[in-house]
Protein chains: 2
Amino acid sequence: MSESPKIHAIIPFRPINPKTRLSGVMDQEERESFARAMLGDVISVLHTAGCSPCILSTVPFEYGDVTTQIDTRDLNEALNAYLSRQKMPVLIIMSDLPLVTPDAIQRLLSCTADVGIVPGRGGGTNVLYVRKPQEFRVDYYGASFCDHVRIAEDAGLSYEVIDSFFMSTDIDEKEDLVEILIHGMGRSRCFLQEIGIQLSLEHGRVGIQRSAHE
Amino acid sequence: MSESPKIHAIIPFRPINPKTRLSGVMDQEERESFARAMLGDVISVLHTAGCSPCILSTVPFEYGDVTTQIDTRDLNEALNAYLSRQKMPVLIIMSDLPLVTPDAIQRLLSCTADVGIVPGRGGGTNVLYVRKPQEFRVDYYGASFCDHVRIAEDAGLSYEVIDSFFMSTDIDEKEDLVEILIHGMGRSRCFLQEIGIQLSLEHGRVGIQRSAHE
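Residues numbered from 1 in each chain as written. Chains lettered and ligands numbered in written order. Predicted model: local features only at pLDDT ≥ 70, side-chain atom pairs only at ≥ 80, totals over all residues. Heavy atoms only, no water.

In the annotation of an unreviewed UniProt entry, chain A is listed under the name 2-phospho-L-lactate guanylyltransferase and assigned to Methanogenium organophilum. Here chain A is described in UniProt, under the heading Subunit (unreviewed entry), as follows: "Homodimer." Quoted verbatim from the Catalytic activity (unreviewed entry) field of the UniProt record, the comment on chain A reads "(2S)-2-phospholactate + GTP + H(+) = (2S)-lactyl-2-diphospho-5'-guanosine + diphosphate". (UniProt positions renumbered as here; feature names shortened; annotations may be inferred.)

Written out as structure tokens, the structure is:
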């Protein structure tokens, strides 16, 4: 499907004690399984979209035959070191985007700007497509969307904002699980159903509940 | 820009005491002005996208030379009565989507299915494009996205889900204002700035604050 087959896609991933804001509905072991399920959804879509995924982890980690790079530095340092070594376009995609679709990835890869930026909610950056990795650097945390726009501008790089609900939906809070149960079709949704998490409706608002028999 | 010029776009709007969940940061008069600003952003984009907007209000209301229909019934009854009278494709768009862009509207209008559905967060439906209005009906509130999918299926209508962050972002809560300050470029953003609402960064999370001199 991709115009430039086998674009390298790097996926930062934290295998140990991830997604702590979900502690109210999942214990640590469940959160680790859930994070792995979301990663699986992302990897599956990247393969379909013609990308070559690579996991960036701070600790040794295996996921099928997907390449893993280990870097103990913080996210920005590790990614910027990675970018500085690349000569071909790179996709940087977060692992907690289980709703991502091949169509959405294709729209991002089709953008003609030097940098394609997919905003997350709250000023975040969920996916970046960087055509000239040695001329760009990342700055995650805080209002990273604004930072990435500024970094592109300062480097004289053109950028385009890609408008995608499914890519903008990162899963951090209990309320975010609603989106997986409504729109998800992959491993993450199955995992939630397996542990008894389901939709609830209270006062016309959609939420989630976990059935008592865990 | 539109393939079928002057597609009718109906915009339900509540002029009196709207957006009560923003009461913590705006008084009633401000919320009414803010709702009007968001409506203005939506109308402006609809014009650019080649649509003919019409406001659906429960009380008499004027916005420039935009047509207003008054219907005192509840949202679903009023919209379904409206749909039953239409013979041409209809766009139904909520008024609290100030980030909507002409591109996003064009993507929706370009979908070939009988019904184009734009999900909002939390199971909502933010925009609908209904090609055969007399064969479809709306059912807002609760998990309306799921309801609209089911209504289309039951009526033998094809549907397509349109993936747009900007159209999925409806403004209900204080936290949603962050999106306007980061991504907005219209009246709504100006209004927030005028009343002193600005971004804040606490513990790496982006929020909003209102400066003391109101």
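Colleague: Sorry, what's going on with the layout of surface pockets here?
Modeller: In this approach a probe as big as a water molecule rolls over the atoms, and the regions it shows empty are the leftover space. What the second largest pocket holds in volume is close to 590 Å³. When residues of the lining of the second largest pocket are traced back to their parent elements, those giving at least two are β7 (159-161) of chain A together with α1 (28-48), α3 (102-109) and α6 (177-183) of chain B. Among the elements that make up the lining of the second largest pocket, the one with the highest residue count is α3(B) (four residues). (1 Å grid on protein atoms, 1.4 Å probe; cavity = no way out; pocket = protein on both sides within 12 Å on 5 of 7 lines; lining within 4 Å. Points joined across faces, edges and corners; volume = space filled by probe spheres on them. Helix = DSSP H or I, 4+ residues; strand = E, 2+ residues; numbered from the N terminus.)

Colleague: Help me understand the environment of B:F13 in this model?
Modeller: Residue and element names in this part refer to chain B. Mapped onto the fold, F13 is located in strand β1 (residues 7-13). Under the relative-accessibility criterion, F13 is labelled buried at 6%. Counting along the chain gives 137 residues from F13 to R150, while the straight-line C-alpha distance between them is 25 Å. Not counting chain neighbours up to four residues away, the residues in contact with F13 comprise A35, R36, L39, I55, L56, S57, T58, F61 and S95. (Buried < 20%, exposed > 50% of the residue type's maximum accessible area, 1.4 Å probe, protein only. Contact = heavy atoms within 4.5 Å.)

Colleague: I would appreciate a short explanation of the pairing of strand β2 (residues 51-57) of chain A in the present structure.
Modeller: All names here are of chain A. Across the seven residues that make up β2, a large majority, six, are buried. As defined by bridge partners, strand β1 (residues 7-13) adjoins β2 across seven bridges and the pair is classed as parallel. Paired with P12 across the strands is L56, a residue of β2. Each parallel crossover has a hand, and the one from β1 via helix α1 (residues 28-48) to β2 is right-handed. (Pairing = 2+ DSSP bridges. Right-handed = clockwise from strand over helix to strand, strands pointing away.)

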